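# Secondary and tertiary structure notes
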Amino acid sequence: PRLAHLHLHSTMKNKNNDPKHTSKRAKSWFQTNKINVMEWPAQSPDLNPIENLWGDIKNAVSEAKPRNVNELWNVVKESWSVITAERCHKLVDSMPHRCEAVIKNCGHTTKY
């Protein structure tokens, strides 16, 4: 799905302390583009909703059992193309519940 179709107006970004998100260059880019970044504790469960979408694609690949790279690529493209804006909205809207669950569980794994 394209982000433009989601009509997201927030400028808040979460990051999972991946080195590419915490580099000086990335920090500078976020600051230059006036993007607020949520602080994310190290070793915390990954609450980024995109992980759910990657899981959808992984499941589609597992079910399709592609036999070569072309079949794999086709499954990935097809599974990505059927992800709806509604699915994305629901994942984004779940963020307060996700954060509450992590806090309640003292930072340990949650159902998310």
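Refer to the structure printed above.
Now for a quick tour of the structure. Model, not experiment: these values are computed from the prediction. (Residues numbered from 1 in each chain as written. Predicted model: local features only at pLDDT ≥ 70, side-chain atom pairs only at ≥ 80, totals over all residues. Heavy atoms only, no water.)

This paragraph deals with the overall build of the protein. The number of helices and strands found in the protein is six helices and two strands. In the protein, the order of α-helices and β-strands from amino to carboxyl end is β-α-α-β-α-α-α-α. Buried residues in the protein amount to 21% of all 112 residues. Of the contacts made within the protein by residues no fewer than 6 positions apart, 63% connect residues no fewer than 24 positions apart. Summed over its atoms, the accessible surface of the protein is roughly 8700 Å², and 57% of this surface lies on carbon and sulfur atoms. (Helix = DSSP H or I, 4+ residues; strand = E, 2+ residues; numbered from the N terminus. Buried < 20%, exposed > 50% of the residue type's maximum accessible area, 1.4 Å probe, protein only. Contact = heavy atoms within 4.5 Å. Areas by Shrake-Rupley, 256 points an atom, 1.4 Å probe, with all protein chains shown as cover.)

Attention now moves to the packing of helix 3 (residues 50-64) against helix 5 (residues 85-93). Relative orientation of the contacting elements helix 3 and helix 5 amounts to 135°, with a least axis distance of 9 Å. Relative to helix 5, helix 3 is oriented oblique. Residues Asn52, Leu53 and Asp56 of helix 3 pack against Arg87, Cys88 and Leu91 of helix 5. Classifying every residue of the contact of helix 3 with helix 5 gives three nonpolar, one polar and two charged. (Axes fitted to C-alpha atoms, helices over the stretch in contact; angles between N-to-C directions. Parallel < 35°, antiparallel > 145°, perpendicular 65-115°, else oblique. Nonpolar A, V, L, I, M, F, W, Y, C, P; charged D, E, K, R; others polar.)

Time to look at the pattern of salt bridges. Taken as a whole, this structure holds three salt bridges when the rule is applied. Taking the shortest distance from any N to any O, the salt bridge between Glu71 and Arg67 comes out at 2.8 Å. Judged by its relative accessible area of 25%, Glu71 falls in the partly exposed class. Note that Lys90 is salt-bridged to Glu86, the shortest N-O span being 3.5 Å. With Lys90 and Glu86 both in helix 5 and four residues apart, this pair spans about one turn of that helix. As far as the burial class goes, Lys90 and Glu86 line up, both exposed. (Salt bridge = Lys/Arg side-chain N within 4 Å of Asp/Glu carboxyl O.)

Tracing the chain through its elements places Arg98 in helix 6 (residues 95-104). Overall, Arg98 belongs to the buried group, its relative accessible area being 2%. Those residues in contact with Arg98 that lie beyond four places of it in its chain are Leu47, Pro49, Asn52, Leu91 and Tyr112.

Here helix 3 crosses helix 4 (residues 69-81) at 135°, and the two axes come no closer than 9 Å. Considering their axes alone, helix 3 and helix 4 lie oblique with respect to each other. Note that helix 3 runs across helix 4; the crossing there is right-handed. Note on element contacts: helix 4 touches helix 3 through Leu72, Val75, Val76, Ser79 and Trp80, opposite Ile50, Leu53, Trp54, Ile57, Ala60, Val61 and Ala64. Looking at side-chain class alone, the contact of helix 3 with helix 4 contains 11 nonpolar, one polar and no charged residues. (Left-handed = near helix turned anticlockwise from the far one by under 90°.)

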